[in-house]
There are 4 protein chains.
Amino acid sequence: MLDESTQGVFTIAATPFLPDGALDFDSIDRMVDAYIEKGANGLTILGMMGEAGKLSAAESVSVVQRVTSRCTVPVVVGVSAPGFAAMTALSNEAMDAGAAGVMVAPPMGLQTDAQIVSYFHNTADALGDIPFVLQDFPLATGVQISPSVILKIAEDCPTCVMLKHEDWPGLEKITTLRNASDTGSRRISILCGNGGMYLVEELLRGADGAMTGFGYPEMMRQVLGTYKTGDLDRARDIFDAYLPMIRYEAQPGLGLAIRKHSLVRQGIIQHSTLRKPGPALTPATIAEIDALAARQNRRLSDLGL
Amino acid sequence: MLDESTQGVFTIAATPFLPDGALDFDSIDRMVDAYIEKGANGLTILGMMGEAGKLSAAESVSVVQRVTSRCTVPVVVGVSAPGFAAMTALSNEAMDAGAAGVMVAPPMGLQTDAQIVSYFHNTADALGDIPFVLQDFPLATGVQISPSVILKIAEDCPTCVMLKHEDWPGLEKITTLRNASDTGSRRISILCGNGGMYLVEELLRGADGAMTGFGYPEMMRQVLGTYKTGDLDRARDIFDAYLPMIRYEAQPGLGLAIRKHSLVRQGIIQHSTLRKPGPALTPATIAEIDALAARQNRRLSDLGL
Amino acid sequence: MLDESTQGVFTIAATPFLPDGALDFDSIDRMVDAYIEKGANGLTILGMMGEAGKLSAAESVSVVQRVTSRCTVPVVVGVSAPGFAAMTALSNEAMDAGAAGVMVAPPMGLQTDAQIVSYFHNTADALGDIPFVLQDFPLATGVQISPSVILKIAEDCPTCVMLKHEDWPGLEKITTLRNASDTGSRRISILCGNGGMYLVEELLRGADGAMTGFGYPEMMRQVLGTYKTGDLDRARDIFDAYLPMIRYEAQPGLGLAIRKHSLVRQGIIQHSTLRKPGPALTPATIAEIDALAARQNRRLSDLGL
Amino acid sequence: MLDESTQGVFTIAATPFLPDGALDFDSIDRMVDAYIEKGANGLTILGMMGEAGKLSAAESVSVVQRVTSRCTVPVVVGVSAPGFAAMTALSNEAMDAGAAGVMVAPPMGLQTDAQIVSYFHNTADALGDIPFVLQDFPLATGVQISPSVILKIAEDCPTCVMLKHEDWPGLEKITTLRNASDTGSRRISILCGNGGMYLVEELLRGADGAMTGFGYPEMMRQVLGTYKTGDLDRARDIFDAYLPMIRYEAQPGLGLAIRKHSLVRQGIIQHSTLRKPGPALTPATIAEIDALAARQNRRLSDLGL
C-alpha cells in the first residue's frame, strides 16, 4: 500500500489502443514489463495522460485488472471523476484488483481555499481507508492550490499520503511544504510530474522522486539514481541530454501523441493511436521528434549511456 | 423519436435521493407522473440539474430505465461525458430503454469555433443515428458557441435535431438562428432553459418551447399555452407572477437545492437531499423561499390560477 | 469621506457619450442632477458599467472633475487598474477633486485566498489613507472571494470601509459577514449591486443599502425607503413591479446598453451611445424594453407610484 | 516602419526600476545599448514582460520617449489596454516619438472567432495607419486564436503586419499560416516568443525570427545567425546550451524576475526590482539560476562562444 514514505520513480503509463480505438491488451502487458525494466518503482495508470476520461467505466476496470495482474510493482490508479459515486466505484474495483492506492485531481471550477479543502474532505470520506494521491496540476485543472491548503488536507486526511506535484512554477511550493514538515506539519510523499521538466531542481528542493511518463522512461531512473550518488553535475548532464525532447513533449495537448510515438519507436507499445478527441502527428512533427531522438542518442552515448 | 419539429415543454427532471444519498425510485415514479400531469410534453433526465455527474455509470442506467418504463411522453437523456466511450455506452443503454434522444453539452475547455465544430462532428459520429440535442449553456460550461457554429453543426450533422438554448444573453441568438433558417439554413428545434427567466421573450424570438426544470413546472405550460392563444399580456401576467421565484431559483449552485425544496413542498418528491458536493439550505433561505411561494400563490389566485 | 457606517443608495452612474464617442459633459450634469433628485445618497462613477476601461487616463480625470464639481452627495470613483501606478494616479486625482473614496475590484486571474489578500494589502498600501470599497463581482472578474478573505482584508486594512457586494449567489455571504461582525469582527458597510436583482433579500440579510445603476434609479430609493418603514409586503410589491425590467437589464454584456436606452427615454442623458466594443440594441430588443416599460408604468401606477 | 517583411531578432525589453520602484532611466539607456550590441534588429518595449500594466499612462510615455531617443533600431511599443481610448492615446504618443509600430494582445474574455475578429477590426480602426503586431499568447490572455482567424485579420486589416507568435503548442499554427500564404493568403511577418523555447523548430516551420526577451539576448542572434548559415546541427548545439536556462526562465510569473536577475548579473541593468505585485527571488532560486549560468558558460565555451 502507498504511504507517506513512498519514493522513487512512478511511471505514468499510457493507455495503448489498437488502430480502431479498442484497448490493446497485448501492448499493456509489454508496456508494463518495459516500464519496470527501465526502472519504475511503481506505475500510475488512468491519469490524464492515460486518456482516462475517454474510457467507459467498464473499460477502466478492465485496464486496471490487466495492469495489476501483470505488474510486480505498486500501481496507483487515477480515479478523478465529476462525482464521488463514479470515483468510489472505480476506486473499490481498483483496490480489489490489487492497486496500492488511487490518485485524485480536483475538478475544474473549484476556486477558493475553502472549496478545495472541502472537496478533499469529501474525497477522503468517500474513499474510506483507501490511500490517495492529491494531484496538483493547475495548468490542466485550472485549480490553484496554496501550500497552506495542501498542508491542511494532509493534516485533516490521514489517507492523503502523497502529493503529485505539477504546479508550474512549483519549486518554491516544494520548499514551503518541506519547511513546514520540518517544523511539525505532517510530512507526505512528494513525487513530481510536468514531464520531468524541472526534475533536478525538484529533487534539490526536497521531492521524493518523479511521477511522470516521459517517453524515454529510463530518464527518471537515471537522473534520480545519479542524483542520489551525490554526483549532481552528472545528474544534470544526463538531464540535459534528454531536455530537448522533454521540452518538445511538454507541448500541451500534443504531448501524449509525441510520447506514444516515442513508445512505438522503442517497441514498447504497438500503435500510437489516441482516442478522439486527440491530435494526429503531422509529418513535420514526426520529423522533429526523430531528429531530436537521434541527437539525444548521440548525447547519451557521449555520456556512456 | 426526437426530431427537428419537436416543440412544447420538456421538463428537466431532478434526480431524487433518499436521505442517505441512495437513489429514491419511488420518488422517481411520483415525479414522472407529476411532471406529466402538470403539462410536460417530454422529460429531460440526467442533465446538469439532474446531478448526472454525481451518479455512477450503473446508477445512470438504472435511472434511465426507471423513468422510461414509467413515462408516457418522450424522454431525452443527458449523456455529456469527458469522453465518447462513456457517452456512447450511456446513449446506447438509453435508446435501448426507449429514450427519444440524448443531450450533449460541450466539455469545459473548448474555445475556438473549429474546436467546437470538431467536437460535435465527433459526437455525431460516436452516436451514429441517435438524435441529439446540442446544449448551449456557457455559464456552466465556459464554452461560447457562435450562431454560425450552431448553424454549421446543424448543417453537417443531420442527427442534431434540437438546440437547448441557455446562452445568456441569448435572445439575439434565437433571432439570428431563426433568420438563418428562414433563408435556407436547416431549421432545428429550439427549446429554452435558464430556468425560464426569459421565456416570453424567447417565444417572441421564435423558440419552440421550453426545456427547463423550474420548481413549479406548470408555469412553462401555462405561459406557453397562453402565449399560443395570442393573449400576450396575460402570458406576461402569469410569467410575472412566477418571476420572483424564477429569479430566486436562478442562483447558480443553489438553484437545484431550492428547486428540490419546492418539489418536496408540493409532494412531488419525498426528500430534498442533494448528493455531495452540494449546498444545504439554511433556515434563512428556506424562509425566503416560503415567503416567495406564499406571494406567488396569491398572485396566481388573483389571475384565477 | 466614506466610512464603515455609510448606508443608503449609491447610484452607479453611466458615462454619457456623444454619438461620435466623445464625452458628453452636458449629459453628465443632467444625469448627476437626476440621480440625486431620484433619491441617491451618493454616486459611484467609473465602475464597470461606467465603461471606465474605455476611457483614457486624461478622460477619466475629466469625468471625475465634472461629476464632483456638480454633485452635492458623496462620490465614489472606480479606480481598478492592471497596476498600482495607474490606480494611485487616478485615486489621487479623484480625492483632490473632492471624491469621498474609491472602489477597487480584483484583477482577473487571482485565485487563491492568499493571492487575493495580498492584492488588497498592496492596494491599501498604494492608496495610503484613501478609504476604499472592495468590489466583489465574480461574474465579471472571475475572482471568488471567500467571506473569510473579506473579513481578513477588513481586519488588516482600516481603509477598507465598504463591500460592494455582487457575488451570485451571495445572500449567505451577507449573513456570514454580518454574523461575524456581530461576534467581534470589524463591521464594514455592505452595499449591494447586481442591478438590484436580490435587493429585498439582501436587506433582510443585513445589507446597508444598494450600490447599483438600474435604469429607473428611483427603484432603489423606493424599495429601501419602504423596507425601512417596516412594510415588507409593500416593499416587495414595489420591487416586483420593477423586476421584469431588472431581469431584462441583467443580461450580461447587454445590460449597459439597455440601461442607457432607458436613461435616454427618461431624458436623463441625451444619447444611448456606447464606446466600442459594445453592443447596439436591435429593434427587437428596443421593442421588448419599451413593452416592459409600459407594463412597469401600469404596475407602478396601480401601486400609487 | 514595421512591415510584413520584417525579420530577425526583436528583443523584448525589460523595464528597469530603482529599488524604490521608480523608473531607472540610466538603466534604460544601458539596456538599449546592450541589446543592440548583442544583436537585436529591433526592440519591443512595454510588453507583458515589460510590466506595462504596472506603469501609469504618463510613465509609459516617458519610457517610450527615452527608449526611442536612444535606440538606433526599430522600436515596437506594446499598447494593449482595456479600451481603445487608452490604446490610441499611447499609440499616438509612441509614433510621435519615433516608434516603428505597436503591439496589441486581445483582452481576456474574448472567446468566439467572431469576437476576436471584431476586436481586431476595431483595433485597426482605432489605430488608423499605424502598423501593428498581433500578439497571440493564449497562456497569458486566455484567448485562443485559430489560424483562420489570424488569416482573416491579416486579410481584412492591411495595417496588421506581424504576428507575435507564442501559442503553445504553436508549431502547426506556423505551418498552417505559411501554407496559406504560399497559396494566396496575405503573408505577414511571424516573430516568435515564448522565451525562445521552440526557436529552432519555429524557424524550420517558417518563422521570420524571434521576438522574445530571454535573459541572455545574444542567444537569439546566435541561433538565428547560425540557422541561416545552414548549419542546423550547430544551431541546435547552441540552442541546447542555453536550453536549461530557457526552461528555467519559462516559469510563469517568475520568469521576469529570473530574467532581471540575469540582466543585473551581466551588468545590463542596475537593479532586479519588480513592481508589485511581483515575486522576489529566494536564495534557493538565485542559487539555481547561478548554477545554470555557470554550466551554460562552460557549454558555450566548449562551442567556442
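Higher on the page you've got the structure.
Residues numbered from 1 in each chain as written. Chains lettered and ligands numbered in written order. Predicted model: local features only at pLDDT ≥ 70, side-chain atom pairs only at ≥ 80, totals over all residues. Heavy atoms only, no water.

What about the overall build of chain A?
Now for step 1: The helix and strand inventory of chain A stands at 12 helices and 8 strands.
Now for step 2: Here the C-alpha radius of gyration of chain A, 18 Å, is about what a compact globule of 305 residues would show, namely 19 Å.
Now for step 3: Taking the principal axes of the C-alpha coordinates as reference, chain A spans close to 50 × 45 × 35 Å.
Now for step 4: Taking all 305 residues of chain A together, 63% fall into the buried category.
Now for step 5: Considering only intrachain contacts with a sequence separation of at least 6, the fraction spanning at least 24 residues in chain A is 74%.
Now for step 6: For chain A, the accessible surface area stands at approximately 10100 Å², while carbon and sulfur atoms represent 53% of it.
Now for step 7: Positive and negative side-chain charges of chain A, numbering 25 and 34 respectively, have mean locations separated by a distance of 5 Å. (Helix = DSSP H or I, 4+ residues; strand = E, 2+ residues; numbered from the N terminus. Rg over C-alpha atoms; globule rule 2.2 N^0.38 Å. Buried < 20%, exposed > 50% of the residue type's maximum accessible area, 1.4 Å probe, protein only. Contact = heavy atoms within 4.5 Å. Areas by Shrake-Rupley, 256 points an atom, 1.4 Å probe, with all protein chains shown as cover. Lys, Arg positive; Asp, Glu negative; His and termini not counted. Charge placed at Lys NZ, Arg CZ, Asp CG, Glu CD.)

Focus on the packing of helix α10 (residues 232-249) of chain C against helix α12 (residues 283-302) of chain C
Residue and element names in this part refer to chain C.
Now for step 1: Relative orientation of the contacting elements α10 and α12 amounts to 165 degrees, with a least axis distance of 8 Å. Judged by the angle between their axes, α10 and α12 are roughly antiparallel. Crossing of α10 over α12 shows left-handed handedness. Mapping the contact onto sequence places Asp 240, Ala 241, Tyr 242, Pro 244, Met 245, Arg 247 and Tyr 248 in α10 and Thr 285, Glu 288, Ile 289, Leu 292, Ala 293, Gln 296, Arg 299 and Leu 300 in α12.
Now for step 2: By residue class, the composition of the contact of α10 with α12 is 9 nonpolar, 2 polar and 4 charged. (Axes fitted to C-alpha atoms, helices over the stretch in contact; angles between N-to-C directions. Parallel < 35°, antiparallel > 145°, perpendicular 65-115°, else oblique. Left-handed = near helix turned anticlockwise from the far one by under 90°. Nonpolar A, V, L, I, M, F, W, Y, C, P; charged D, E, K, R; others polar.)

Remarks on the pairing of strand β1 (residues 8-12) of chain D
The side chains of a regular strand alternate, first on one face of the sheet and then on the other.
Residues and elements named next belong to chain D.
Now for step 1: In terms of burial, β1 is a largely internal element, 5 of the 5 residues being buried.
Now for step 2: Where β1 meets strand β8 (residues 209-212), 4 bridges bridge the pair, whose relative direction is parallel. Across the sheet, the residue bridging to Val 9 is Ala 210, located in β8.
Now for step 3: Direction of pairing for β1 relative to strand β2 (residues 42-45): parallel, over a ladder of 3 bridges. Looking across to β2, one finds that Phe 10 is bridged to Gly 42.
Now for step 4: A crossover connection joins β1 to the parallel β2 through helix α1 (residues 25-37); in handedness this β-α-β unit is right-handed. (Pairing = 2+ DSSP bridges. Right-handed = clockwise from strand over helix to strand, strands pointing away.)

A few points about helix α11 (residues 255-265) of chain C
Counting along an α-helix, one turn takes 3.6 residues, and residues three or four places apart therefore face a common direction.
Residues and elements named next belong to chain C.
Now for step 1: Burial analysis of α11 places 9 of its 11 residues in the buried class, which makes it a mostly covered element.
Now for step 2: Along α11, the residues classified as buried are Gly 255, Leu 256, Ala 257, Ile 258, Arg 259, Lys 260, His 261, Ser 262 and Leu 263.
Now for step 3: Against the buried residues of α11 lie α1 (25-37), β8 (209-212), α10 and α12.
Now for step 4: Positive phi appears at Gly 267, one or two residues downstream of α11, with a value of about 75 degrees.

Topic: the relation of the copies chain B and chain C
Now for step 1: Overlaying chain B with chain C gives an RMSD of 0.0 Å, the required rotation being 180 degrees about an axis along which the chain moves by 0.0 Å. Look at the turn and shift together and you get a two-fold axis relating the two.
Now for step 2: Taken together, the interface assignments show that 100% of the residues at the interface of chain B recur at the interface of chain C, consistent with an identical surface on both copies. (Least-squares fit on C-alpha atoms with pLDDT ≥ 70 in both.)

Overview of the side chain of Thr 11 of chain A
Now for step 1: Within the secondary structure, Thr 11 of chain A is located in strand β1 (residues 8-12).
Now for step 2: For Thr 11 of chain A, a relative accessible area of 1% corresponds to the buried category.

Topic: the relation of the copies chain A and chain D
Now for step 1: Rotating chain A by 180 degrees and moving it 0.0 Å along the rotation axis overlays it on chain D with an RMSD of 0.0 Å.
Now for step 2: Both copies share a contact surface, since 100% of the interface residues of chain A are interface residues in chain D too.

Considerations on the interface of chain A and chain D
Now for step 1: Taken together, the 31 residues of chain A in the interface contact 31 residues of chain D.
Now for step 2: The junction of chain A with chain D conceals about 2900 Å² of combined surface from both sides, 55% of it contributed by carbon and sulfur atoms.
Now for step 3: If you look at where chain A meets chain D, you find 14 salt bridges.
Now for step 4: With its nearest N and O atoms 2.7 Å apart, the salt bridge here joins Glu 288 of chain A to Arg 205 of chain D.
Now for step 5: Joining chain A to chain D, the criterion identifies 22 residue pairs in polar contact (both at pLDDT 80 or more).
Now for step 6: Of all elements in the fold, only α7 (171-182), α8 (199-205), α10 (232-249) and α12 (283-302) of chain A reach the threshold of two or more residues within the side of chain A that touches chain D.
Now for step 7: When residues in the side of chain A that touches chain D are grouped by element, the largest group, 9 residues, is from α10 of chain A. (Buried area = accessible area lost by both parts, 1.4 Å probe. Salt bridge = Lys/Arg side-chain N within 4 Å of Asp/Glu carboxyl O. Polar contact = N/O pair within 3.5 Å; in protein donor to acceptor, adjacent residues only side chain to side chain.)

Let's talk about the sheet that holds strand β7 (residues 189-192) of chain D
All names here are of chain D.
Now for step 1: Spatially, the 8 strands close up into a barrel ordered β1-β2-β3-β4-β5-β6-β7-β8, and their pairing is parallel. Going from strand to strand, the sheet's axes swing by 25 degrees on average, the running direction of each strand aside.
Now for step 2: By the bridge criterion, 3 bridges tie β2 to strand β3 (residues 75-78) in an arrangement that is parallel. In the sheet register, Thr 44 faces β3, and the bridge partner there is Val 76.

Quick notes on the packing of aromatic side chains
Now for step 1: By the definition in use, this model includes 22 aromatic pairs over all chains.
Now for step 2: Relative to Tyr 216 of chain D, the ring of Phe 214 of chain D lies with its centre 5.8 Å away and its plane at 50 degrees, an arrangement referred to as tilted.
Now for step 3: Overall, the relative accessible area of 10% leaves Tyr 216 of chain D in the buried class.
Now for step 4: Of the aromatic side chains, those joined through ring pairs into one cluster are Phe 84, Tyr 119, Phe 120 and Phe 132 of chain A. (Phe/Tyr/Trp six-rings, centres within 6.5 Å; stacked < 30°, edge-to-face > 60°.)

Let's talk about the pattern of salt bridges
It is possible for side chains of opposite charge to pair when their charged atoms get near one another.
Now for step 1: For the coordinates displayed, the defined rule picks out 104 salt bridges over all chains.
Now for step 2: Taking the shortest distance from any N to any O, the salt bridge between Arg 259 of chain B and Glu 249 of chain B comes out at 3.0 Å. Taken together, the residues Arg 259 of chain B in helix α11 (residues 255-265) and Glu 249 of chain B in helix α10 (residues 232-249) connect sequence positions 10 residues apart.
Now for step 3: Residues joined in a network through salt bridges with shared partners are Asp 233, Asp 237 and Asp 240 of chain A together with Arg 295, Arg 298 and Arg 299 of chain D.

Looking at helix α3 (residues 84-96) of chain C
Now for step 1: Taking 1.5 Å per residue as the helical rise, α3 of chain C with its 13 residues ought to reach 18 Å, and the 18 Å between its terminal C-alpha atoms agrees with that figure.
Now for step 2: Of the residues making up α3 of chain C, those classed as buried are Phe 84, Ala 85, Met 87, Thr 88, Leu 90, Ser 91, Ala 94 and Met 95 of chain C.
Now for step 3: Looking at the buried residues of α3 of chain C, the elements they touch are α2 (57-70), β3 (75-78), β4 (101-104) and α4 (113-127) of chain C together with α2 (57-70) of chain D.
Now for step 4: Just past α3 of chain C, the residue Gly 98 of chain C takes up positive phi, approximately 110 degrees. (Expected span 1.5 Å × (residues − 1).)

Topic: unusual backbone geometry
Now for step 1: Cis geometry is adopted by the peptide bond preceding Pro 277 of chain C, which originates at Lys 276 of chain C and carries an omega value of -10 degrees.
Now for step 2: Considering the arrangement of structural elements, one finds Pro 277 of chain C in the loop between α11 and α12.
Now for step 3: The backbone of Asn 194 of chain A shows a phi angle near 60 degrees, a positive value even though the residue is not glycine.
Now for step 4: Within the secondary structure, Asn 194 of chain A is located in the loop between β7 (189-192) and α8.
Now for step 5: Of the residues examined, Asn 194 of chain A reaches a relative accessible area of 18% and is grouped as buried.

Such coordinate-based values are descriptive only and should not be taken to indicate function.
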